[in-house]
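Given next are the chains, with one letter for each unit.
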Amino acid sequence: EDRVFKYYSDGEWKKSSSRKSVSIINPTTRSVQFRVQACTQEEVNKTIEIAKVAQKSWAKTPLWKRAELLHKAAAILKEHKNPIAECLVKEIAKPAKDAVTEVVRSGDLVSYCAEEGVRILGEGKFLVSDSFPGNERTKYCLTSKIPLGVVLAIPPFNYPVNLAVSKIAPAIIAGNSLVLKPPTQGAVAALHMVHCFHLAGFPKGLISCVTGKGSEIGDFLTMHPGVNCISFTGGDTGIAISKKAGMIPLQMELGGKDACIVLEDADLDLAAANIVKGGFSYSGQRCTAVKVVLVMEFVADTLVQKVNAEVAKLTVGPPEDDCDITPVVTESSANFIEGLVMDAKQKGATFYQEYKRDGNLIWPLLLDNVRPDMRIAWEEPFGPVLPVIRISSVEEGINHCNASNFGLQGCVFTRDINKAILISDAMETGTVQINSAPARGPDHFPFQGLKDSGVGSQGITNSINMMTKVKSVVINLP
Ligand code: G3P
């Protein structure tokens, strides 16, 4: 199949006047699967202009009606789960079952957002003046939450649908309009998801989706004066965006190097199962993947043996067959992973499997005795390669975790809850999971990174709040 999919603006599907397209390469076949429009800056301007107008009347639409439309979109999205999942399989090589789960999870997220929105936006505050020194009770302050305007959403390739709706739904329930720039890999799945919002009957221009080359419209979008908020998930591009963006709220999630600390008293079967799930699901292409295991020397041999036994069970192959390990998203990504593996090999890491690659498909690898001079100790492979560092004290583990420029999540395995809490407090990450692999969900939990892992906090409630401003009206009594 080789078609050029239209972009979505002003409630209509359009061809770009550029007459150019961007190719989406199937990671498995490495040939062109789909093409999308290469939108021009002029088309971006037009889309943002329309979004600005559409937002004004949307903000006046009753909150319950906004919620009703979101519930409708959620239901339609779930009905379309199979065709959307098929796109995810072809565009980003997500295992078939996980692709369906992503869409269903997205429908649930949209519904939850509608419910949460009517509650938190249905409430304001009432303050009186005489609590502050020098004031009489002559001022009544009423606060409510008002929308920001046009929200720009930029999700990454690994969740083109879920990390798009996690930005769209909060923006829309809060009375904003939204412009989506999907990742190239996953753009067609995203367009199909946008079609579900179209079918739900949102006003024209309220939600739009522009596709194209980052070099042509990337900076143009993020620096656009008509954009009032950016919600971005992805790599270090986010750091560049935050330097260039104007005085607008930013929500950024930029990856991680999530550490898994395993203590001597840990349930090693539980730890091993979570390390493999956390390290290798979607072939390690998750910001919250376990990206380094820091295990106490005393239990290291046993743990590594158990992890290896689990790794051996992973199936490797095409996403259509629902294999655990599927081709990584692009050739350049596979090359980058290979670079990290070769560096570790050269510097003497212990390989439990032989390094094997066919095209973008990389067989799962567990590297033991990794040392801090190896790149894999610090960099995120975003692939099915997991380094193990043996530690002789808990402090050593915490220090390694905190020396990272990332600080997304981390996890600790121990049966001692007091130690778990102390270690969680000491780890400089946005979230610490006790006795489980890192994960963003459930989607209403707060999700945030420290340091280079991002700014702001996501999760349904936090996103809704972040996409609003407080407005006060003060009644002055005589
Ligand atoms: O990589 C994206 C990040 O948001 C991870 O999400 O659900 O895989 O923990 P999840």
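It should be emphasised that the depicted structure is a prediction, and the values quoted were computed from it without experimental measurement. (Residues numbered from 1 in each chain as written. Predicted model: local features only at pLDDT ≥ 70, side-chain atom pairs only at ≥ 80, totals over all residues. Heavy atoms only, no water.)

Visitor: Teacher, can you tell me more about the overall build of the chain here?
Guide: Along the chain, the regular secondary structure elements total 14 helices and 27 strands. Radius of gyration (C-alpha) of the chain: 24 Å, near the 23 Å computed for a compact globule of 478 residues. When the backbone C-alpha atoms are referred to their principal axes, the chain occupies close to 75 × 65 × 40 Å. Classification of the 478 residues of the chain by burial places 56% in the buried group. Split by element, the accessible area of the chain, about 19,700 Å² in all, is 54% carbon and sulfur. Here the chain carries 51 positive and 51 negative side-chain charges, and the mean point of each set is 8 Å from the other. (Helix = DSSP H or I, 4+ residues; strand = E, 2+ residues; numbered from the N terminus. Rg over C-alpha atoms; globule rule 2.2 N^0.38 Å. Buried < 20%, exposed > 50% of the residue type's maximum accessible area, 1.4 Å probe, protein only. Areas by Shrake-Rupley, 256 points an atom, 1.4 Å probe, with all protein chains shown as cover. Lys, Arg positive; Asp, Glu negative; His and termini not counted. Charge placed at Lys NZ, Arg CZ, Asp CG, Glu CD.)

Visitor: Would you explain the site of the ligand in this entry?
Guide: Taken together, Arg105, Asn158, Tyr159, Leu163, Glu253, Arg286, Cys287, Thr288, Ala439, Arg440 and Phe447 make up all the residues around the ligand. One of the side-chain nitrogen or oxygen atoms of Arg286 is found 2.6 Å away from an oxygen atom of the ligand. With respect to the ligand, the backbone of Arg440 contributes an N or O atom lying 2.7 Å from an oxygen atom. Protein contact buries 98% of the 310 Å² of open area that the ligand shows by itself. Residues that form the shell around the ligand fall into these classes: 5 nonpolar, 2 polar and 4 charged. (Near = heavy atom within 4 Å. Polar contact = N/O pair within 3.5 Å; in protein donor to acceptor, adjacent residues only side chain to side chain. Nonpolar A, V, L, I, M, F, W, Y, C, P; charged D, E, K, R; others polar.)

Visitor: What is the right way to read the nonpolar core from this model?
Guide: The nonpolar side chains of soluble globular proteins are, as a tendency, buried together. Judged by nonpolar contacts, the single largest core of 71 residues is most densely connected at Ile168, Ile172, Leu180, Met193, Phe197 and Phe202. The element best represented in this core is helix 6 (residues 187-200), accounting for 10 residues. Dropping the residues within four chain positions of it, Phe197 is found in contact with Leu70, Ala73, Val110, Val165, Ile168, Phe202 and Ile207. Among the nonpolar cores identified, the runner-up in size contains 59 residues, and Val295, Phe351, Tyr355 and Ala377 belong to it. (Core = buried A, V, L, I, M, F, W, Y, C linked by side-chain atoms within 4.5 Å. Contact = heavy atoms within 4.5 Å.)

Visitor: I'm lost on unusual backbone geometry in this one. Help?
Guide: Generally, phi is negative for residues other than glycine and the peptide bonds are trans, each holding for most cases. Cis geometry is adopted by the peptide bond preceding Pro442, which originates at Gly441 and carries an omega value of -5°. In this fold, Pro442 is placed in the loop between strand 22 (431-434) and strand 23 (447-448). At Ser283, a position not held by glycine, the phi torsion is positive, near 55°. By secondary structure assignment, the location of Ser283 is in the loop between helix 9 (268-280) and strand 14 (290-296). By relative accessible area, Ser283 is classed as buried at 0%. Of note, the phi angle at Phe382 is positive, near 50°, even though the residue is not glycine. With respect to the helices, strands and loops of the structure, Phe382 is situated in the loop between strand 18 (365-368) and strand 19 (385-391). The buried category is assigned to Phe382, whose relative accessible area is 18%.

Visitor: Could you clarify how one ought to interpret the side chain of Asn402 in this entry?
Guide: With respect to the helices, strands and loops of the structure, Asn402 is situated in helix 12 (residues 394-403). Looking at Asn402, the relative accessible area reads 17%, which means it is buried. Only 2.9 Å separates the side chain of Asn402 from the backbone oxygen of Ala426, close enough to count as a polar contact. Among the polar contacts listed, one links the side chain of Asn402 to the backbone nitrogen of Glu428, at a separation of 2.8 Å. Excluding residues within four positions of it along the chain, Asn402 makes contact with Ala426, Met427, Glu428 and Lys451.

Visitor: Sorry, what's going on with the sheet that holds strand 6 (residues 125-128) here?
Guide: Note: strands within a sheet are paired through backbone hydrogen bonds, in either parallel or antiparallel orientation. Ordered in space as 6-7-27, the 3 strands form an open sheet in which the pairing is antiparallel. Strands at the two margins of the open sheet, each flanked by one partner only, are strand 6 and strand 27 (468-476). Neighbour-to-neighbour, the strand axes of this sheet turn through a mean angle of 25°, independent of strand direction. Across 9 bridges, the pairing between strand 7 (residues 139-147) and strand 27 is antiparallel. Pairing of Pro147 across the sheet is with Thr468, part of strand 27. (Pairing = 2+ DSSP bridges. Axes fitted to C-alpha atoms, helices over the stretch in contact; angles between N-to-C directions.)

Visitor: Could you clarify how one ought to interpret the pairing of strand 14 in this entry?
Guide: One face of the sheet, then the other: side chains in a regular strand alternate in exactly this way. Counting buried positions along strand 14 gives 7 out of 7 residues, so the element sits mostly inside the fold. As judged from the 5 bridges shared by strand 13 (residues 258-262) and strand 14, these two strands associate in the parallel manner. Following the sheet pairing, Asp258 is matched in strand 14 by Val290. Handedness of the crossover is the feature at issue here: the chain leaves strand 13, passes through helix 9, returns alongside strand 14, and the resulting connection is right-handed. Relative to strand 19, strand 14 runs parallel, the two being bridged by 4 bridges. When the sheet's bridge partners are listed, Val293 is paired in strand 19 with Val388. (Right-handed = clockwise from strand over helix to strand, strands pointing away.)

Visitor: Help me out: how do you make sense of a nonpolar patch on the surface in this one?
Guide: Taken together, the side chains of Phe126, Leu142, Val473, Ile475 and Leu477 make up a nonpolar region of the molecular surface, amounting to roughly 420 Å² of accessible area. Note on placement: Leu477 falls in the segment after strand 27. (Patch = residues over 30% accessible without salt bridge, like charges linked within 9 Å, V, L, I, M, F, W, Y side chains within 5 Å. Salt bridge = Lys/Arg side-chain N within 4 Å of Asp/Glu carboxyl O.)

Visitor: Even after reading the chapter, I still don't get helix 10 (residues 297-312), so can you show me in this structure?
Guide: Three- or four-residue spacings in an α-helix give side chains the same orientation, since the helix completes a turn every 3.6 residues. Compared with the 22 Å implied by 1.5 Å per residue over 16 residues, the 23 Å span of helix 10 between its first and last C-alpha is a close match. Taken as a whole, helix 10 has its buried residues at Val299, Ala300, Leu303, Val304, Val307, Asn308 and Val311. Packing partners of the buried residues in helix 10 comprise strand 13, helix 9, strand 14, strand 18 and strand 19. (Expected span 1.5 Å × (residues − 1).)

Visitor: Can you walk me through helix 7 (residues 214-222) in this structure?
Guide: Burial in helix 7 covers these residues: Ile217, Leu221 and Thr222. The buried residues of helix 7 all sit within an arc of 120° when viewed along its axis, so they share a single face. For helix 7, the elements touching its buried residues are helix 1 (41-60), strand 8 (150-154), strand 9 (177-180), strand 11 (229-233) and helix 8 (237-244). (Arc of directions from axis to C-beta.)

Visitor: Explain the sheet that holds strand 4 (residues 21-25) here, please?
Guide: An order of 1-5-4 is seen for the 3 strands of this open sheet, with the pairing classed as mixed. Of all the strands in the sheet, just strand 1 (4-5) and strand 4 have a single pairing partner and so form its edges. Note that strand 1 and strand 5 (residues 32-37) share 2 bridges and pair parallel. Across the sheet, the residue bridging to Val4 is Arg35, located in strand 5. Here helix 6 sits on the sheet in contact with strand 1, strand 4 and strand 5, set at roughly 55° to strand 5.

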